[in-house]
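So the chains spell out like this:
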Amino acid sequence: MSACLLPVTMPAAGSSLLSMFDEENCIQISGLQHLAFCKRQWGLIHIDQEWEENQLTAEGRNLHERVDEGYQEFRKGLRQYSGLYVKSLKFGINGRTDLIEAIKSDDGACNKIQMLGLEGRWSLYPVEFKRGKPKSYDADYIQLCAQALCLEEMTGTEKNSGAVFYWQIRKRTEVEFDTRLREKTISLIMLAHELLEKGLVPPPEYAQHCRSCSLLEVCMPKKLNQSRLISYRQELLG
Ligand code: SF4
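Parameters and conventions
The numbering scheme is per chain: residues are counted from 1 as the chain's sequence reads. Where local features are concerned, this predicted model is filtered to residues with pLDDT of at least 70; where side-chain atom pairs are given and counted, the filter is 80 or more; whole-chain, interface and lining totals use all residues. The secondary structure listing takes helices from DSSP runs of H or I that are at least 4 residues long and strands from runs of E that are at least 2 residues long, numbered from the N terminus. Our exposure labels follow a C-beta count within 10 Å of each residue's own C-beta, placed from the backbone: buried means 20 or more other C-beta atoms, exposed means 12 or fewer, and partly exposed covers the counts in between. We call two residues in contact when their backbone-placed C-beta atoms lie within 7 Å. Nearness is defined per residue: the C-beta atom, placed using the backbone, must lie within 6 Å of the molecule or strand. The nonpolar class holds Ala, Val, Leu, Ile, Met, Phe, Trp, Tyr, Cys and Pro. Asp, Glu, Lys and Arg form the charged class, and all remaining residues, Gly among them, are polar. Note: two strands are recorded as paired if DSSP finds a minimum of 2 bridges between them. Handedness of a crossover: with both strands directed away from the viewer, a clockwise path from the first strand across the helix to the second marks it as right-handed. Joining buried Ala, Val, Leu, Ile, Met, Phe, Trp, Tyr and Cys residues through C-beta atoms within 7 Å gives a set, and that set is a nonpolar core.

(A) Layout of the overall build of the protein. Within the protein, the secondary structure is distributed over 7 helices and 9 strands. Here the protein, with 238 residues, has 32% of them falling under the buried criterion. Sequence separation of at least 24 residues holds for 67% of the intrachain contacts in the protein that already meet a minimum separation of 6.

(B) Layout of the site of the ligand. The environment of the ligand is formed by 13 residues, the closest being Cys38, Gln41, Cys210, Cys213 and Cys219. Taken together, the elements giving at least two residues each to the shell around the ligand come down to α2 (39-46) and α6 (216-219). Top element by residues in the shell around the ligand is α2. It accounts for 3 residues. Per-class residue counts for the shell around the ligand are 9 nonpolar, 2 polar and 2 charged.

(C) Broad picture of unusual backbone geometry. Here glutamine 49, not a glycine, exhibits a phi torsion of approximately 60°, which is positive. For glutamine 49, the position within the fold is in the loop between α2 and α3 (55-67). A residue is classified by how many C-beta atoms lie within 10 Å of it, and glutamine 49, with 7 of them, is exposed. Even without being a glycine, methionine 220 presents a positive backbone phi close to 50°.

(D) Highlighting the environment of phenylalanine 91. Residue position: phenylalanine 91 is located in the loop between β4 (85-88) and β5 (93-96). Contacts of phenylalanine 91, omitting those with residues within four sequence positions, involve Leu149, Ile186 and Ile189.

(E) Layout of the pairing of strand β8 (residues 161-166). As judged from the 4 bridges shared by strand β7 (residues 122-130) and β8, these two strands associate in the parallel manner. Paired with lysine 130 across the bridge in β8 is tyrosine 166. For the segment spanning β7, helix α4 (residues 139-155) and β8, crossover handedness is right-handed. Pairing geometry for β8 and strand β9 (residues 171-176), over 6 bridges, is antiparallel. Its bridge partner lying in β9, valine 164 is registered against threonine 173.

(F) Up close: the nonpolar core. In terms of nonpolar packing, the biggest core is built from 42 residues, with Leu32, Cys145, Ala146 and Ile189 touching the most fellow members. Those elements that place two or more of their residues in this core are α1 (32-37), α2, β6 (99-104), β7, α4 and α5 (179-198). Discounting chain neighbours no more than four positions away, the residues touching isoleucine 189 are Ile27, Leu32, Phe91, Ile93 and Ala146.

(G) The sheet that holds β4, seen in detail. Judged by pairing direction, the sheet is mixed, and its 3 strands sit side by side in the order β1-β5-β4 without closing on themselves. Strand pairing shows two members of the sheet lacking a second neighbour, β1 (27-28) and β4, which therefore form its edges. For β4 and β5, the ladder comprises 4 bridges, and the chain directions are antiparallel. In the strand pairing of β5, lysine 87 is matched with asparagine 94.

(H) Main features of the environment of arginine 96. Looking at the element boundaries, arginine 96 is found in strand β5. Its 20 C-beta neighbours within 10 Å are what place arginine 96 among the buried residues. Linking arginine 96 and isoleucine 29, residues 67 residues apart in sequence, is a C-alpha distance of 8.1 Å.

Here it is, written out as structure tokens:
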């Protein structure tokens, strides 16, 4: 993972939030989209280390390889940084952001920060790139919100919104980090930690989205064994 760091003044030691995790047991932010899509898909990828490429995943990977090449663009009042490493030890998540925009603003709001080597106050705005168009479920927004949680912990300031850029329609969708999205994101993060700790891969539940799943052949959801489902529930309950 890149060591590119956010060029900001970090909050003073002692003002940091309670750390529940360390770097070794952080989960990848990018994996939250798999968990939002299907718990079993996340388990197969992140616990069983299964991965199958299909056309959708290949296109997504190509797009992110271009984004992750790392660039910085400077314009008056705007700085753009790609491929920056972010983490939250409170939530046990880390990853690389597609794009962070720093926007200069002297409106006096308290969620502005100082940037290393730059004058004035700046607000940070995460942008995630996706190959397709907006989805009917909020996996992309959850991934973006997790990045915002990291930025909040790293800078000590609240982030109100970000955006997802959809390549197919060449448009940004603005995303507000409201209470509902934050709660959903945090609950998925905690579920991921729980599954990882117990080493549990959830059983398949065949649904329409299985037809676009790259792991269909590995998962075999139509061969669901009811006893596996029962034993999984027992294991999850401890
Ligand atoms: S095939 Fe269906 S149940 Fe299996 S991992 Fe994919 S989406 Fe989940």
